[in-house]
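# Structural characterization, general
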Amino acid sequence: AFLKQHHSKMVLGAGSEMFGEACPASAPFFGYMGAASALIFANLGAAYGTAKSGVGICSMGVMHPQLIMKSIIPVVMAGGGGVFGFFFS
């Protein structure tokens, strides 16, 4: 009976002891907000880079049509930046 009481006290007290002085109750909020902001800013940067590269491809197609395939590289790199932002978040 003693072990059962002791175990139930540990289980019930685990929720209040989870966050101590070293880990405030707001830590998960800031952790998730940091991950969310990393994901948001990485994908915004990838979208901006893709848009600017698209404008460059359009102008390249007008001025130098033979070099269009070389101008696709920045689009791929911008997409890779979005994927890396997803991994790091």
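Located above this text is the structure these notes cover.
Residue numbering note: each chain is counted from 1, following its sequence as written. Local features are withheld for residues below a pLDDT of 70 in this predicted model, meaning they are given only at 70 or higher, and side-chain atom pairs are given and counted only at 80 or more; totals for whole chains, interfaces and linings count all residues. With hydrogens and water stripped out, all remaining heavy atoms of the structure feed into the side-chain values.

## Brief notes about the packing of helix H2 (residues 27-63) against helix H3 (residues 73-88)
Only the stretch in contact is used when a helix axis is fitted, and all axes are lines through C-alpha atoms; the angle between N-to-C directions ranges over 0 to 180 degrees. Helix and strand assignments come from DSSP, with helices taken as H or I runs of at least 4 residues and strands as E runs of at least 2, each series counted from the N terminus. The geometry of H2 relative to H3 is characterised by a closest axis approach of 8 Å and an angle of 175 degrees between their N-to-C directions. Between H2 and H3, the angle is such that the two are roughly antiparallel. Seen from H2, the contacting residues are Leu39, Ala42, Asn43, Ala46, Gly49, Thr50, Ser53 and Ile57; seen from H3, they are Pro74, Val75, Ala78, Gly81, Gly82, Gly85 and Phe86. Should an angle fall under 35 degrees it is taken as roughly parallel, and over 145 as roughly antiparallel, whereas 65 to 115 is taken as roughly perpendicular and any remaining angle as oblique. Two residues qualify as a contact provided that any one of their heavy atoms is within 4.5 Å of a heavy atom in the partner residue.

## Observations regarding the packing of aromatic side chains
Side-chain rings of Phe, Tyr and Trp, where Trp is taken by its six-membered ring, are said to pair if the distance between their centres is within 6.5 Å; with planes under 30 degrees apart they count as stacked, over 60 as edge-to-face, and otherwise as tilted. Summed over the entire model, instances satisfying the criterion amount to three aromatic pairs. Seen from their ring centres, Phe86 and Phe87 are 6.0 Å apart, and the 50 degrees between their planes marks the pair as tilted. Only protein chains enter the calculation, and the probe is 1.4 Å; a residue is then buried if its accessible area is under 20% of its type maximum, exposed if over 50%, and partly exposed in between. Accessibility expressed as a relative area gives 52% for Phe86, which makes it exposed.

## A few points about H2
By this rule, a helix spans an expected 1.5 Å times one less than how many residues it contains. Taking 1.5 Å of rise per residue, the 37 residues of H2 would be expected to cover 54 Å, and the 54 Å separating its terminal C-alpha atoms lies within 8% of that figure. Among the residues of H2, those classed as buried are Ala42, Ala46 and Ser53. Tucked into the core, H2 has its buried residues touching H3.

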